[in-house]
Amino acid sequence: MSLIITAFAQGIEKSGIKPAEVCVPSDIPFEPDVVKQLGIDYFHTIRGRAIVFGTGLKLANLALKVVPVVGDLMTLGGNHFVHASRRNMELLVICVNNFIYKKIGGKSIPSTSPVFSLYSTFEEPFNIPHLGNSCGAIYTARWTALHTDEIAISIAEALNKRGLSVIEILAPGPDYYTGINNINSDLVKFYHENSEIKNNEDPRNVGITPEENIVVGKFTDKERPTFIDVYNAQLSKVIGDKFTPYGPVQTSRSGAGLGTGQNESGGKNG
Amino acid sequence: METLKTKKMKEVHPMENVLRMDRIPHIWCPGCGIGLAVTAFAAALEKAKIDLNKVAIVSGIGCTGRVAGYVKLDSFHTTHGRAIAFATGIKVANPDIKVVVFSGDGDLISIGGNHFIHAARRNIDMLVICVNNFIYAMTGGQVAPTTPLAVYATTCPFGSVEPPINIPYLADSSGAVYVARWTTLHIRRLTNSFIEALNKKGFSVVEVISPCPQYYSRVNRLGDGLDMMKFYHDNTEIRHGEDTKNLDIGFQSKIIMGKFIDRERPSYTERFD
Amino acid sequence: MKANPKDVLTGVHYIDGDVASGYGILAAGCKFVAGYPITPSTETAETFARVAPKGNAMFIQMEDELASISAVIGASFAGVKSMTITSGPGYSLMMDAIGFGAMLESPFVLLNIQRGGPSTGAPTKTGQADMMQSRWGSHGDYEIIAISPDSPQELFDYTIKAFNLAEMYRCPVMIMSDECVGHMTEKVVIPPAEEIELEPRRLYDGPPSEYLPFKPDDDFIPKMAKAGAGYNLYISGHVHDERGYPVINEKFKSVYLRRLVDKIRRNKEKIIELKEEYTDDAEVIVVSYGISSRVAVRGIEKARKKGIKIGNLRLVTVWPFPDEKIINLAKTTKAFVVPEINHGQIAFEVERCCHGKANVVLVPHSGAGVHNPDDIYDAIVLAAKEKKKIEGIVEYKTKLEKLVFEGDYKLKE
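Conventions we followed
- Residues numbered from 1 in each chain as written.
- Chains lettered and ligands numbered in written order.
- Predicted model: local features only at pLDDT ≥ 70, side-chain atom pairs only at ≥ 80, totals over all residues.
- Helix = DSSP H or I, 4+ residues; strand = E, 2+ residues; numbered from the N terminus.
- Rg over C-alpha atoms; globule rule 2.2 N^0.38 Å.
- Buried ≥ 20, exposed ≤ 12 C-beta atoms within 10 Å, placed from the backbone.
- Contact = placed C-beta atoms within 7 Å.
- Nonpolar A, V, L, I, M, F, W, Y, C, P; charged D, E, K, R; others polar.
- Pairing = 2+ DSSP bridges.
- Domains from an automatic or database assignment.
- Core = buried A, V, L, I, M, F, W, Y, C linked by C-beta atoms within 7 Å.
- Axes fitted to C-alpha atoms, helices over the stretch in contact; angles between N-to-C directions.
- Parallel < 35°, antiparallel > 145°, perpendicular 65-115°, else oblique.
- Right-handed = clockwise from strand over helix to strand, strands pointing away.

Participant: An account of the overall build of chain B is requested, with residue identities and associated values reported.
Facilitator: Each helix and strand in chain B was counted, giving nine helices and eight strands. Against the globule reference of 19 Å for 273 residues, chain B gives a C-alpha radius of gyration of 19 Å, in line with a compact fold. Seen along its three principal axes, the alpha-carbon backbone of chain B occupies a region of about 65 × 50 × 35 Å. Every one of the 273 residues in chain B was classed for burial, and the buried ones make up 56%. Taking the intrachain contacts of chain B between residues at least 6 apart in sequence as the baseline, contacts between residues at least 24 apart amount to 68%.

Participant: Describe the interface of chain A and chain C, naming the residues involved and giving the relevant values.
Facilitator: Across the boundary between the two partners, chain A contributes 34 residues, which contact 39 residues of chain C. At the level of secondary structure, the elements contributing two or more residues to the side of chain A that touches chain C comprise strand E1 (22-26), helix H2 (32-38), strand E2 (41-44), helix H3 (50-60), helix H4 (78-87) and helix H8 (227-239) of chain A. At eight residues, H3(A) tops the list of elements feeding residues into the side of chain A that touches chain C. Of the residues assigned to the side of chain A that touches chain C, the class counts are 19 nonpolar, eleven polar and four charged. Where E2(A) meets strand E10 (residues 234-236) of chain C, three bridges bridge the pair, whose relative direction is parallel. Looking across to E10(C), one finds that Tyr42(A) is bridged to Tyr234(C).

Participant: Can you tell me about the domain arrangement of chain C, naming the residues and giving the values?
Facilitator: Residue and element names in this part refer to chain C. Here chain C is partitioned into domain 1 (5-195) and domain 2 (274-404). Its C-alpha centre places domain 1 at a distance of 28 Å from the equivalent point of domain 2. Contact residues are listed per partner, giving 23 residues for domain 1 and 21 residues for domain 2. Counting residues per element, the ones that place at least two in the side of domain 1 that touches domain 2 are strand E6 (122-126), helix H6 (131-136), strand E7 (145-147), strand E8 (172-178) and helix H8 (179-182). Broken down by element, the residue count for the side of domain 1 that touches domain 2 peaks at four residues, all from H6. In terms of residue class, the side of domain 1 that touches domain 2 is built from eleven nonpolar, seven polar and five charged.

Participant: Break down the nonpolar core for me, with residues and values.
Facilitator: One finds Ile129(B) and Val337(C) to be the most contacted residues of the largest nonpolar core, which totals 287 residues. Considering every element that reaches this core, the biggest residue donor is helix H1 (residues 34-47) of chain B, with ten residues. There are two domains that each give this core at least three residues, and those are domain 1 (5-195) and domain 2 (274-404) of chain C.

Participant: Tell me what's going on with the sheet that holds strand E1 (residues 55-59) of chain B, and back it up with residues and numbers.
Facilitator: Residues and elements named next belong to chain B. Strands sit in the order E2-E1-E3-E4-E6-E5-E8-E7 across an open sheet of eight strands; the sheet is mixed. On the outer flanks of this sheet lie strand E2 (74-77) and strand E7 (236-238), each paired with one strand and no other. Each strand of the sheet is rotated relative to its neighbour by a mean of 20°, with strand direction disregarded. Sheet topology places strand E4 (residues 126-132) next to strand E6 (residues 203-209); seven bridges connect them, and they run parallel. For Ile129, the partnering residue across the bridge sits in E6 and is Val206. Packed on one face of the sheet, helix H2 (residues 83-93) meets E1, E2, strand E3 (98-104) and E4 and runs near 175° to E3.

Participant: Can you lay out the interface of chain C and chain B for me, pointing to particular residues and giving the numbers?
Facilitator: By a frequent convention, interface size equals the accessible area lost on bringing the separate parts together. Taken together, the contact between chain C and chain B spans 14 residues of the former and 17 residues of the latter. Of all the elements, helix H2 (residues 42-51) of chain C adds the most residues to the side of chain C that touches chain B, at five residues. The residue inventory of the side of chain C that touches chain B, partitioned by class, reads five nonpolar, five polar and four charged.

Participant: How would you sum up the packing of H4(A) against helix H4 (residues 113-122) of chain B? Please name residues and give values.
Facilitator: Relative to each other, H4(A) and H4(B) sit at 105°, their axes nearing to 7 Å. If you check the angle between H4(A) and H4(B), you find them roughly perpendicular. Contacts between H4(A) and H4(B) pair Gly78(A), Asn79(A), Val82(A) and His83(A) from the former with Gly113(B), Asn114(B), Ile117(B) and His118(B) from the latter. Taken together, the residues of the contact of H4(A) with H4(B) sort by class into two nonpolar, six polar and no charged.

Participant: So what's going on with the environment of Phe43(A)? Which residues, and what values?
Facilitator: One can find Phe43(A) in strand E2. Note on Phe43(A): 27 C-beta atoms within 10 Å, which makes it buried. It is 25 Å that separates the C-alpha atoms of Phe43(A) and Thr144(A), two residues lying 101 residues apart in sequence. Sequence-distant contacts of Phe43(A), defined by excluding residues within four places in its chain, comprise Cys23(A), Val24(A), Pro25(A), Phe53(A), Phe77(C) and Ile235(C).

Participant: Help me get a handle on the environment of Tyr278(C), residues and values and all.
Facilitator: Residue and element names in this part refer to chain C. Structurally, Tyr278 is set in the loop between strand E11 (274-277) and strand E12 (284-288). Sequence spacing of Tyr278 and Arg50 is 228 residues, and the spatial spacing of their C-alpha atoms is 44 Å. Once you skip the residues sitting within four places of it in the chain, Tyr278 turns out to touch Ile310, Gly311 and Asn312.

Participant: So, unusual backbone geometry: which residues are in play, and what are the values?
Facilitator: Residue Pro25(B) is bonded to the preceding Ile24(B) through a cis peptide linkage, with omega at 10°. Here Trp319(C) and Pro320(C) are connected by a cis peptide whose omega angle stands at 0°. Along the chain, Pro320(C) falls in the loop between strand E14 (317-319) and helix H12 (323-332). Of note in the backbone geometry, Lys49(B) takes a positive phi value of approximately 50° without being a glycine. Relative to the elements of secondary structure, Lys49(B) occurs in the loop between H1 and E1.

Participant: With reference to specific residues and values, describe the pairing of strand E13 (residues 310-315) of chain C.
Facilitator: All names here are of chain C. Burial analysis of E13 places six of its six residues in the buried class, the great majority of the element. Examined bridge by bridge, E11 and E13 share four bridges and lie antiparallel to one another. Looking at the pairing, Glu276 lines up with Leu313 of E13. One crossover worth recording links E12 to the parallel E13 by way of helix H11 (residues 291-305), and it is right-handed.

Participant: For the sheet that holds E11(C), give the residues involved together with the corresponding values.
Facilitator: Within a sheet, each strand pairs with its neighbour through backbone hydrogen bonds, oriented either parallel or antiparallel. Residues and elements named next belong to chain C. On the basis of which strands lie adjacent, the open sheet formed by six strands has the order E11-E13-E12-E15-E16-E17 and mixed pairing. Each having just a single partner strand, E11 and strand E17 (393-395) make up the two edges of the open sheet. In this sheet, adjacent strand axes meet at a mean angle of 20° when their direction is disregarded. In this sheet, strand E16 (residues 359-363) lies alongside strand E15 (residues 335-339) in parallel orientation, the contact comprising five bridges. Paired with Val338 across the bridge in E16 is Leu362.

This is the structure in structure tokens:
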């Protein structure tokens, strides 16, 4: 988790966005000192509802940059994720996925301590990039917690995108043995070593299965009108001159000279 | 030549053993397609020769949610959006029961969306019949997640601003093993899909496009039920095996129907063994 | 501060309660409503969806009630007045988030147009059986304010007042209306904007570095700050200190929770609104709220004509409950008659406050309709005649029950 927060801080810096404008609704408890250092507004929301809390924040004040950081994205919050993607709500969803699989790429997971996982071992986990993409998310990516540079770059890119972006980060969760703030470093290294970067891969093929290595990378990056764009367009069409567009006028933010290093083609119409 | 017997024959409707005749006439509007979906379902149950004592039908809330009350099976009219969760409970507790969820687009995809994607992911053995009339009809015509863009509904009086969900694509990307779409005009094909899905192990979804003459069609000036059926006749195309990503339905656009997905995956209860 | 003239549809209207509430939401300066269709409250959402562009406000139909209430709380932290509308089943779904909002001291309004329950119940018929749920629905200790309007005009007026109360006390305010009032069409007079008083948000205006999100003012209520304005907010549903940081120990919890609860309890005098007539020397007092109070008026008039000294106490604010008023009245009156469309909810509160000094007669109703005024009259007569002090609540057997079912719960043909 601390790796992710470091990457998050770097990402905000790279994106050129003021931390004061960033709001993070999350069901993961952040340490207060961390929040102070990041300079953001943090909301510890009820489980699974970070995305909809974020929707309320965003619609009430369009100038905010809302980044729901969710651990429990799919179990309680699955529906909210699907509908927010459909509406293309301007949110950056960071999903901290601590799924547990007994084997990956044919090799067993080193940790033998019992961990409370979101997915029991015989159920298949969700392919979050594919689900997000099929519902309309405009930017999907997945990294492991050790890919901190790539995470920072993804966050910086996604913060400047207009619409729903989702970045899935595979990170081992806290367990009874290592405590809530420590990370199981063997497990993190294991994920990192058994992952391969395949940028622009079709999200259908990036499901996590026990037989293959984990596929990470930036998968899709496209443009779609956001909820507010469609709302303003539709209402102006119907109401005409008497309609004042909702909220402050959105100026498009171009990326602040971001070199992604590993993917040259990261096209806007991916 | 045999003469006709003069003994009076008892008049029996062919669907009587599947319908709760004491609750007929039903509440659905003239021109509504839900009755047709129920007919196809009843015909499928007969043809598939399934033991009716082992079928449970679960509905949610809404116009389509009333189906459970008219069908003579173990019927459950549950709370809004929780039909699939309820059905999961039945299935896991007693895997011998064939569970059918018969509900509407708002009930299954809006409030019930989470249960839908999880049951698909887990591949719980059930047949989900989603009657899609693009609106929340029972409560008076509000916008639904399947309502096409710019369409009028009471809670979007200036036109819908949310892109609709493509149900087959959602089911496919969550892991459903059988996904098909038909309209209430194509009864025979619908019946055949139901039969196939009833015999399939795993999470199957059949989307049934239906007219809603009281709200969707009337408010958007599309005519009545019959006009909508004519529209389905002229504007549908069968494309089996089509990539589910191409199955969006816009306002009065072409509707692509067919059986899109038919694959195998071990079902949830099978994995216990 | 006064309402914005653009938000106020001044004039004389002939509309139903739901629509009146929708106009009230706009007039109150609310800029964000998230809802989900549920009979019988949907018309409020539809009305607001229609008028929202006028006030540069946003209505969004969320995918379910859980999403609606969470979005509303999020919006209130972004700095706007927000609310949601629902009915029975949706209200139950929202309970987790209502507790969350109470803990965060988030000001929001929730309109509950009560219907026949429990569960799916009777969606198109009236009921008043969510009253206890509004007070105790979520887990844990917290206090809310609940108002019960009895006409479309009151739905308009009290929607505005509900927003004012929410801003003043930073707590969830429930408008506990019912389907009968919601679907009743009556004359509603909307005054010009200058005559509508609104309570502005209590915003902090000092330097961000000194801001403490939960440091209370003299009236036990902290000032709010908007998200995204550089205040570095830390807002958590955990028990928290003045900075908002979680502190989970016994001593701290008792300080924090004490304030959370006391901010309403100690301001009861200012919050509670009642309408009473002839209660000073009454033998019997009718205590009612919502649509039942309108029906009760008939029964009361009939009783007055017969010479019974009857008082009428209408609870406009149901929670916090006016304990002191009932305690005082119990000293001088013989009995309270409580008609409500449920099997006893507020009657229990009345009985609790009587401390045995007066009798309490409940006139119940199972819902899906309103009382027969004659039942209320008969109950009043019964209460007036009774000389003994009876322990507990006396349940009056209504005409409907006598007519309709036999002793063993079978429907009489």
